[in-house]
Amino acid sequence: MDAKKSIEALQFFTTGLTNGAFAHLVQGRHFESLGFKKLGEKYVGHYDEEMGWVNKFIARINDLGGEVKIEDQKGRELVKDPVEYVKADLAIQEKGIALLYDCLKSLADDPTTYDILKAYLVDEEEDLYWSQEQIEMIEMIGRQNWLVQQL
């Protein structure tokens, strides 16, 4: 097992997911302030869920004898329109899932890290499917009807 390779992968996802989770928290609170309570709760819930994964990644880095880095985050603009945010988040999820699939291929010799990231992948795929369903719903029932459902 190449612990260094596992630590690097876990650190990469720790940094990226921390950034993504914070974006979900900010966006969720923004949507709540607009009156879209259900959508706000969904994204604040994503934050809580994603930080749970960050905790697991950090614990595994520590188990492997690594040192977790607190890395700078790239800033993002607030997406004020709920529909545009779902679309933007979907694009990020698609890229993230592709990265996870590639990463898993290189971690077969570390079954513990592999299993953690595989479970995270399953969770991310569920989020991806939710976002895809929302886009399909918007197309079927229209923007305004979908927004009403988010109140």
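Values in this document were obtained by computation on a predicted structure and should not be read as measured data.

## A word on the side chain of D110
Phase 1: With respect to the secondary-structure elements, D110 resides in the loop between α3 (82-105) and α4 (111-141).
Phase 2: Here the side chain of D110 touches R60 through a polar contact of 2.8 Å, side chain to side chain.
Phase 3: Beyond its immediate chain neighbours, meaning those up to four positions away, D110 contacts M1, S6, R60 and L64.

## Overview of the packing of helix α1 (residues 3-33) against α4
Phase 1: Where α1 contacts α4, the two axes come as close as 11 Å, and the packing angle between them is 25°. When the interaxial angle is binned, α1 and α4 end up roughly parallel. Note that α1 runs across α4; the crossing there is left-handed. The segment α1 lies against α4, with S6, L10, F13 and L17 engaging T113, L117 and Y120.
Phase 2: Looking at the contact of α1 with α4 residue by residue, the class counts come to 5 nonpolar, 2 polar and no charged.

## A look at the layout of surface pockets
A probe as big as a water molecule, rolled over the atoms, marks out the empty space that is left.
Phase 1: Empty space within the largest pocket amounts to approximately 440 Å³.
Phase 2: Residue lining of the largest pocket: 21 residues in total, with G16, L17, I92, G96 and Y120 positioned closest to the centre.
Phase 3: Secondary structure elements with two or more residues in the lining of the largest pocket: α1, α3 and α4.
Phase 4: In terms of residue count, α3 provides more of the lining of the largest pocket than any other element does, 9 residues in total.
Phase 5: Along the lines of polarity and charge, the residues of the lining of the largest pocket split into 9 nonpolar, 6 polar and 6 charged.
Phase 6: Taken as a whole, the second largest pocket encloses approximately 270 Å³ of empty space.

## Some words on α4
Phase 1: With 31 residues, α4 ought to run about 45 Å at 1.5 Å a step, and its terminal C-alpha atoms sit 44 Å apart, in line with that.
Phase 2: Note on α4: the residue one or two positions beyond its end, G142, has a positive phi of about 95°.

## Section: the packing of aromatic side chains
Phase 1: In the structure shown here, the tally under the stated rule is 9 aromatic pairs.
Phase 2: With 6.1 Å between their ring centres and 55° between their planes, F31 and Y43 make a pair best called tilted. A residue pair is termed long-range when its members are at least 10 positions apart, and F31 in helix α1 and Y43 in helix α2 (residues 37-63) qualify at 12 residues.
Phase 3: Using a relative accessible area of 0% as the deciding quantity, one classes Y43 as buried.
Phase 4: Taken together through their ring pairs, the aromatic side chains of F12, F13, W53, F57 and Y120 make up a single cluster.
Phase 5: The ring of W53 carries the charged tip of K56 above its face, separated from the ring centre by 4.3 Å.

Rules used throughout
- Residues numbered from 1 in each chain as written.
- Predicted model: local features only at pLDDT ≥ 70, side-chain atom pairs only at ≥ 80, totals over all residues.
- Heavy atoms only, no water.
- Helix = DSSP H or I, 4+ residues; strand = E, 2+ residues; numbered from the N terminus.
- Polar contact = N/O pair within 3.5 Å; in protein donor to acceptor, adjacent residues only side chain to side chain.
- Contact = heavy atoms within 4.5 Å.
- Axes fitted to C-alpha atoms, helices over the stretch in contact; angles between N-to-C directions.
- Parallel < 35°, antiparallel > 145°, perpendicular 65-115°, else oblique.
- Left-handed = near helix turned anticlockwise from the far one by under 90°.
- Nonpolar A, V, L, I, M, F, W, Y, C, P; charged D, E, K, R; others polar.
- 1 Å grid on protein atoms, 1.4 Å probe; cavity = no way out; pocket = protein on both sides within 12 Å on 5 of 7 lines; lining within 4 Å.
- Points joined across faces, edges and corners; volume = space filled by probe spheres on them.
- Expected span 1.5 Å × (residues − 1).
- Phe/Tyr/Trp six-rings, centres within 6.5 Å; stacked < 30°, edge-to-face > 60°.
- Buried < 20%, exposed > 50% of the residue type's maximum accessible area, 1.4 Å probe, protein only.
- Lys NZ or Arg CZ within 6 Å of the ring centre and 35° of its normal.

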